[in-house]
Each structure stands twice: as structure tokens, then as C-alpha cells.
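# Topology and contacts: notes
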Amino acid sequence: MARFTENRWTSAIIPALLIHIPIGTVYCWSVFKQLIADRLHASPASVEWGFSLAIFFLGMSAAFAGPMVEKNIKKSALVSMVCFVVGFAGTGVSIALNFLPGVFICYGAIMGIGLGVGYLTPVKNLMLWFADNKGLATGIAVAGFGLAKAIASPLMEYLIGTVGLVSMFFILAAVYAVMMFVGFLLIKRPAGWVYDPATSHVSRKTILKKPVFWGIWIAFYINITCGLALISQEKDILHDVLRAFPQYANLSPAKFAAAISGIIGLVLAVDSVFNTAGRVGFSTLSDHLKRRETVYQVIFIMSIAVCLLQIFTNSIGNALLWAVLAMLFVVALISISLVKYLGDRNVTKAVEDRG
């Protein structure tokens, strides 16, 4: 039993996946956002605030819940589970009641807090268990977040088609509650690790005065913002591109939706595989490079290349499926790949030293 509880897999890796796969379903927003708008008789633009608020509260809770994660990993895992499951199930209740503000409160605020705390919790724990390979550790943690879409997107489509939109939220809330509770039970710090307020404390005021911090923050913000903006619109982009194809042009909306559902599901699944590969690949690569900035440069060059491809081909307007897929897959590959650096205490140290 001691071996079981003191194992990296059972104390860090498996709990990380059990927590991150549920919260990673936030990437599936494009699967059901239009259905929510239709059900509530609201405009897609107004419903979109649900996703925007979820990402906002993800960021804010991650920023301010750091000390809690540092002090008590069990508490943060439990807070994440409760907030995420209550928010996800509450979204279903809000849709059933035709109450759009409830979607904003439940999916945006409550679930968003669960996302932020749940995102940090496994990352910090894995960095302690893999002290010599922090890139690999955080890559493993956030891989579950990226892989979630490959698992949840087809499952959501199936459940919506069989039991309906509201029931889909309830069923997955129950499944995710079990997964995250098991993760809460298993997650554990390495033996001998003790929280030390003196060494764990970082002066936020001092950090905010350092130009290097703002350089990292701005790069991270742009990377995240662009990636999430595209991810949240994937289904709509593919819908518009495929509608321009001759074989689909004369189909009724219902027949068109049925004809392309398999294609969109496959693209979303492959996209999440690229997202997962980028999280693990870039993070692991950073462990073996002499200069941390090299990974920044690789991601920057890939970002510029994919932007130029879209500018010169006008891929969406010209319905160039190959170019659209290249854009989606490359952005998925590089999106969120900078997360390792803001979670690494070595960066904090570098910010304090270099100014």
C-alpha cells in the first residue's frame, strides 16, 4: 500500500489527468453554444459571454488562488471539483429554466473558478514530483486539458442527439464529479515536502515592477487569447467553409448538418491531438534546450507563418479547407504551450534576478 501511495503515477500523473480531462471540456464550447442560443432564443453573440466569462474567471482564480494551491493541494483539488461540477450542472439547470444570466453565473463564474484552481493544482504537484523535468511534468498535466476535447466532443454530440442538451450537462456533471473526486483522493505531495512560507512567498509588487515579467505575460496573453478565440469558433468556421463546397450547397440546413457532423467531429478530435502534442512536446523540449528563449522563438515563428498563410490565401473566404485545417492544427499545437514558464518558479527567480 505504501508503494501505491508513494508512486508518481498514482500520486501525481493519474490525478492530474482525472482533474484536467473534465475541466478541459471548456474547449468544447463551440459544440453546443449555438444550441444554447437557439434554446434560450438569444443571439449567439450574447451567449458567447458564457465562454468569455469562464476564461476570465479561469485567469483570475488562477492568479489569486496560487497561495492556496501552494499550501494545501487537497483543499485546492476539492475546491476545483466542487466549483466545476456545480457550475457545469448549474448550466444545465439554467438552460432548462431558459435563464441566460444563469449560464453566465454557472458556466462563466462558478465553473470558471473551478477551471482556474483545477488548472493549477496538478501542475504544481507534478512539478514537485518531477523536479528535474518540470517541462515534461507540466506537459503531462496540461495534456489532459488538451485531450479532453477529443474525448468530450463526440461524447457531447452523441448525448445531445440521444438525451438532449440539458441532460447532457447533467450526465457529464455526474461523470466528471466521480473522476475529479478520485483525483482528489489520489493527489498527494512527495514524501518529505513541507510547505515553507518563507521560501514559498514571492513579492507580487516586486515582480510587477520587472520588465521581463511583462514581456513573458504579454507573450502568454497573446498566445492564449488568439488560441482560445479560434478554438471557440472552430465549429462555425468549418461550417462556413464546408457550406461553400458544391456537394453541400443545395442541401437543407438539417441535411447539411447531418452530412458534415462526422467531418467536424473528426477535425475537432484531430485538433485536440495537436493541442495535446504541443503541450507535451514543447514543454519537454524546453527541458533539453540550453536557452529557454528558443522555445519562445519557435512558437513565434510558427505563429507568424500561420498568420501569413491566412492573409495570402484568404482561406476561409475562399473555402480552402487544407489551409483552414493547417491554421486550426498549428494554432492548436502552439496555443497554451507557454504555460510551463509562468508556472515554473525558476522563471519567478529569473524575474527577480534580472529585473
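Here the structure is a predicted model, which means the values were calculated and not measured. Within each chain, residue numbers correspond to sequence positions counted from 1 in written order. With the structure being a predicted model, the display of local features is reserved for residues of pLDDT at least 70 and the display and counting of side-chain atom pairs for 80 or more, all residues being used for whole-chain, interface and lining totals. Side-chain numbers come from the whole structure's heavy atoms, not from hydrogens or water.

## Examining the pattern of salt bridges
Between Lys or Arg on one side and Asp or Glu on the other, a salt bridge is scored when a side-chain nitrogen of the former is within 4 Å of a carboxyl oxygen of the latter. In the structure shown here, the tally under the stated rule is four salt bridges. A salt bridge links Glu48 to Lys33; the nearest nitrogen and oxygen atoms lie 3.1 Å apart. Of this pair, Glu48 sits in the loop between helix H4 (44–47) and helix H5 (49–64) while Lys33 sits in helix H3 (residues 29–40), and the two are 15 residues apart along the sequence. Here's how the labels work: a residue is buried when its accessible area is under 20% of the maximum for its type, exposed when over 50%, partly exposed in between, all with a 1.4 Å probe on protein chains only. Lys33 gets classed as buried once you look at its relative accessible area, which sits at 6%. With a shortest N-O distance of 3.0 Å, Lys33 and Asp236 are connected by a salt bridge. Helix numbers and strand numbers start at the N terminus; a helix is a DSSP run of H or I with at least 4 residues, a strand a run of E with at least 2.

## Notes on the environment of Leu251
Along the chain, Leu251 turns up in the loop between helix H15 (246–249) and helix H16 (253–287). Relative accessible area serves as the criterion here: at 28%, Leu251 is assigned to the partly exposed category. The contact partners of Leu251, leaving out residues within four places of it in the chain, are Arg243, Phe256 and Ala259. Working rule for contacts: check all heavy atoms of both residues, and any pair within 4.5 Å makes them a contact.

## Some points on a nonpolar patch on the surface
Note on patches: the residues involved have over 30% relative accessible area and no salt bridge, like charges join within 9 Å, and the nonpolar side chains Val, Leu, Ile, Met, Phe, Trp and Tyr join within 5 Å. What sets the accessible areas is the Shrake-Rupley method with a 1.4 Å probe; for residues, cover comes only from the shown protein chains. Where nonpolar side chains cluster on the molecular surface, the patch consists of Leu208, Trp214, Trp217, Ile218, Tyr221 and Ile222 and spans about 600 Å² of accessible area. Top contributing element to the nonpolar patch by residue count: helix H13 (residues 211–231), with five residues. Within the element layout of this structure, Trp217 appears in helix H13.

## Some remarks on the packing of H5 against helix H8 (residues 100–129)
Helix packing for two helices is described by the angle between their axes and how far apart those axes are. Axis definition: a line fit to C-alpha positions, over the contact stretch in the case of helices; interaxial angles, taken between N-to-C directions, run 0 to 180 degrees. Direction vectors running N to C along H5 and H8 enclose 35 degrees, while the axes themselves pass 7 Å from each other. Crossing geometry of H5 relative to H8 is assigned as right-handed. In this structure, H5 uses Trp49, Gly50, Phe51, Leu53, Ala54, Phe57, Leu58, Ser61 and Ala62 to contact H8, whose residues at the interface are Phe104, Tyr107, Gly108, Ala109, Gly112, Ile113, Leu115, Gly116, Val117 and Leu120. Residue polarity is assigned by list, with Asp, Glu, Lys and Arg as charged and Ala, Val, Leu, Ile, Met, Phe, Trp, Tyr, Cys and Pro as nonpolar; anything else, Gly included, falls into the polar class. The residue makeup of the contact of H5 with H8, split by class, is 14 nonpolar, five polar and no charged. Helix crossings get a hand from a simple test, with the near helix turned counterclockwise from the far one by less than a right angle marking a left-handed crossing and a clockwise turn marking a right-handed one.

## Here we look at the packing of aromatic side chains
Stacked, edge-to-face and tilted labels apply to pairs of Phe, Tyr and Trp rings (six-membered ring for Trp) whose centres lie within 6.5 Å, assigned for plane angles under 30 degrees, over 60, and everything in between, in that order. Per the counting criterion, the structure on display carries 13 aromatic pairs. Ring geometry for Trp29 against Phe32: centres 5.6 Å apart, planes inclined by 80 degrees, an arrangement best described as edge-to-face. Of this pair, Trp29 and Phe32 both sit in helix H3, three residues apart, roughly one helical turn. The class of Phe32 is buried, set by a relative accessible area of 0%. The interplanar angle of 0 degrees and the centroid separation of 4.8 Å between the aromatic rings of Phe274 and Phe329 together place this pair among those described as stacked. Note that Phe274 is positioned in helix H16 and Phe329 in helix H18 (residues 321–334), a separation of 55 residues in sequence.

## Some points on the side chain of Ser76
For Ser76, the position within the fold is in helix H7 (residues 73–96). If near-sequence neighbours (up to four positions away) are discounted, Ser76 is found in contact with Met68, Val69, Val117 and Thr121.

## Some remarks on the confidence of the model for the chain
One rule of thumb: low pLDDT means the predicted coordinates there are not for detailed reading. On a range of 0 to 100, pLDDT expresses the predictor's confidence in each residue. Mean pLDDT over the chain stands at 82; residues scoring 70 or higher make up 83%. Residue range residues 1–5 is modelled with pLDDT below 50. Its contacts to residues more than four positions away, or to other chains, number five contacts. Note that pLDDT drops below 50 for residues 338–355; the model gives that stretch 52 contacts with residues more than four away or on any other chain.

## With respect to unusual backbone geometry
Not every positive phi belongs to a glycine, and His41 is a case in point at roughly 55 degrees. With respect to the helices and strands, the residue His41 is situated in the loop between H3 and H4. With a relative accessible area of 73%, His41 lands in the exposed category. The backbone of Asn314 shows a phi angle near 45 degrees, a positive value even though the residue is not glycine. With respect to the helices and strands, Asn314 occurs in the loop between helix H17 (293–313) and H18.

## Looking at helix H14 (residues 234–243)
Among the residues of H14, those classed as buried are Glu234, Ile237, Leu238, Val241 and Leu242. On an axial view of H14, the arc spanned by its buried residues comes to 120 degrees, and they lie on one face. Our arc is simply the arc of the directions from the helix axis toward the C-beta atoms.

## Details of the environment of Gly278
Assignment of secondary structure puts Gly278 in helix H16. Measuring from C-alpha to C-alpha, the distance between Gly278 and Ala143 comes to 8.4 Å, with 135 residues separating the pair along the chain.

## Let's talk about helix H2 (residues 8–23)
Expected span, for any helix, means 1.5 Å times one less than how many residues it has. Taking 1.5 Å of rise per residue, 16 residues should cover 22 Å, and H2 covers 22 Å from first to last C-alpha, within 8% of that figure. Throughout, the bend at a residue refers to the angle made by two axes, fitted to the seven residues ending there and to the seven starting there. A maximum bend of about 30 degrees is found in H2 at Ile14, where proline Pro15 lies one to four positions downstream. Across the 16 residues of H2, 12 count as buried, placing the element largely inside the fold. When H2 is considered as a whole, its buried residues turn out to be Thr10, Ser11, Ala12, Ile13, Pro15, Ala16, Leu18, Ile19, His20, Ile21, Pro22 and Ile23.

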